Amino acid sequence: MDIQEELRKPFGENEIEWRVQSCGVSNNNKPWVMVLCYVQARAIQNRLDYVFGFDGWKVEYRTGSNDSNIICRISVKDKDGEWIYKEDGASESNVEPFKGGISGALKRCASSGYGIGRYLYNLTENFAECSLEKPKDNIGWKKATAKDKRTIYWKVPKLPAWALPNSISEAEISKLMNLAASANITEADVKKVIEKEFGCSEIRELSSDEYQQVYERLSKKVK
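Let us look at the structure shown here. (Residues numbered from 1 in each chain as written. Predicted model: local features only at pLDDT ≥ 70, side-chain atom pairs only at ≥ 80, totals over all residues. Heavy atoms only, no water.)

1. Examining the sheet that holds strand β3 (residues 57-63)
Alright, step 1. Across the sheet, which stays open at both edges, the three strands sit in the order β3-β4-β5 with antiparallel pairing between neighbours. Where the open sheet ends on each side, the last strands, each with one partner, are β3 and β5 (83-91). The sheet shows a mean angle of 20 degrees between the axes of neighbouring strands, direction not considered.
Alright, step 2. As paired strands, β3 and strand β4 (residues 69-77) are joined by seven bridges and run antiparallel to one another. Looking across to β4, one finds that Arg62 is bridged to Ile71.
Alright, step 3. The strands touched by helix α2 (residues 41-52) are β3 and β4; relative to β3, the strand with the most contacts, the crossing angle is about 140 degrees. (Pairing = 2+ DSSP bridges. Helix = DSSP H or I, 4+ residues; strand = E, 2+ residues; numbered from the N terminus. Axes fitted to C-alpha atoms, helices over the stretch in contact; angles between N-to-C directions. Contact = heavy atoms within 4.5 Å.)

See below:
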């Protein structure tokens, strides 16, 4: 097992949560909601169980110099059975402060120390689809409260293909580019094709099926 690769694999959408960073209503009465994406704490724990075993890792918490800051230490056993650890912290949240601080510290430590969910930092800040009127279909919609106390309804965004478990790996991207080089095709040329045919600006945004189509076409050019 490649430990680093397993730790950094994308999570399913059911293991991801979206939180409102800020929201409001513009002067022309149009609502806006900016949301950020996080891995659920339980999903992180499951990932650590899978990679290191239930007895191969442990987590500890303590307060920082400011009692409202929570420091998380995640320790894992290396191949020689020695314990190594990483630390990071987060402030208590507005809702369930201590519990929220623990959860936030765990997520930060897992990401900064072990790369778990770190790929989500490649997502740009997202403006969600939103409305001031309650949607007829409640599926996928949540609520936020603006500073003027008005309720804004926002829809949970969809993750791009590269941020889902069936996305192509970095090794597959390298394999594709080596094949393109063999056919004297530049990366820029490959990107032009995938943007035109699949609407993807980056190779990693291709789905597994789309990647296979591009690979097969390049293979024919090499032959």
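2. Describing the pairing of β5
Alright, step 1. Where β4 lies against β5, nine bridges are found, and the strand directions are antiparallel. Of the residues in β5, the one forming a bridge with Asn69 is Ser91.
Alright, step 2. Counted along the chain from β4 to the antiparallel partner β5, the turn is five residues long, and its residue Gly81 has a positive phi close to 85 degrees.

3. Considering the environment of Glu205
Alright, step 1. Here Glu205 shows up in the loop between α5 (187-198) and α6 (208-222).
Alright, step 2. Classification of Glu205 as partly exposed rests on a relative accessible area of 22%.
Alright, step 3. Expressed as a C-alpha distance, the spacing of Glu205 and Ala43, which sit 162 residues apart in the sequence, is 23 Å.
Alright, step 4. The residues touching Glu205, leaving out its near neighbours within four places in the chain, are Ala161, Trp162, Cys200 and Glu210.
Alright, step 5. Of the polar contacts made by the side chain of Glu205, one reaches the backbone nitrogen of Ser201; its length is 3.2 Å. (Buried < 20%, exposed > 50% of the residue type's maximum accessible area, 1.4 Å probe, protein only. Polar contact = N/O pair within 3.5 Å; in protein donor to acceptor, adjacent residues only side chain to side chain.)

4. Section: the packing of aromatic side chains
Alright, step 1. If you walk through the whole model with that rule in mind, you get two aromatic pairs.
Alright, step 2. Their ring planes at 65 degrees and their centres at 6.4 Å tell us that Trp32 and Phe127 sit as a pair that is edge-to-face. Highlighted residues: Trp32 in strand β2 (residues 31-39) and Phe127 in strand β6 (residues 126-127), separated in sequence by 95 residues.
Alright, step 3. The ring centre of Tyr38 lies 5.5 Å from the NZ or CZ of Arg19, which sits over that ring.
Alright, step 4. Geometry around Trp162 places Arg204 over its ring, the cationic atom sitting 4.5 Å from the centre. (Phe/Tyr/Trp six-rings, centres within 6.5 Å; stacked < 30°, edge-to-face > 60°. Lys NZ or Arg CZ within 6 Å of the ring centre and 35° of its normal.)

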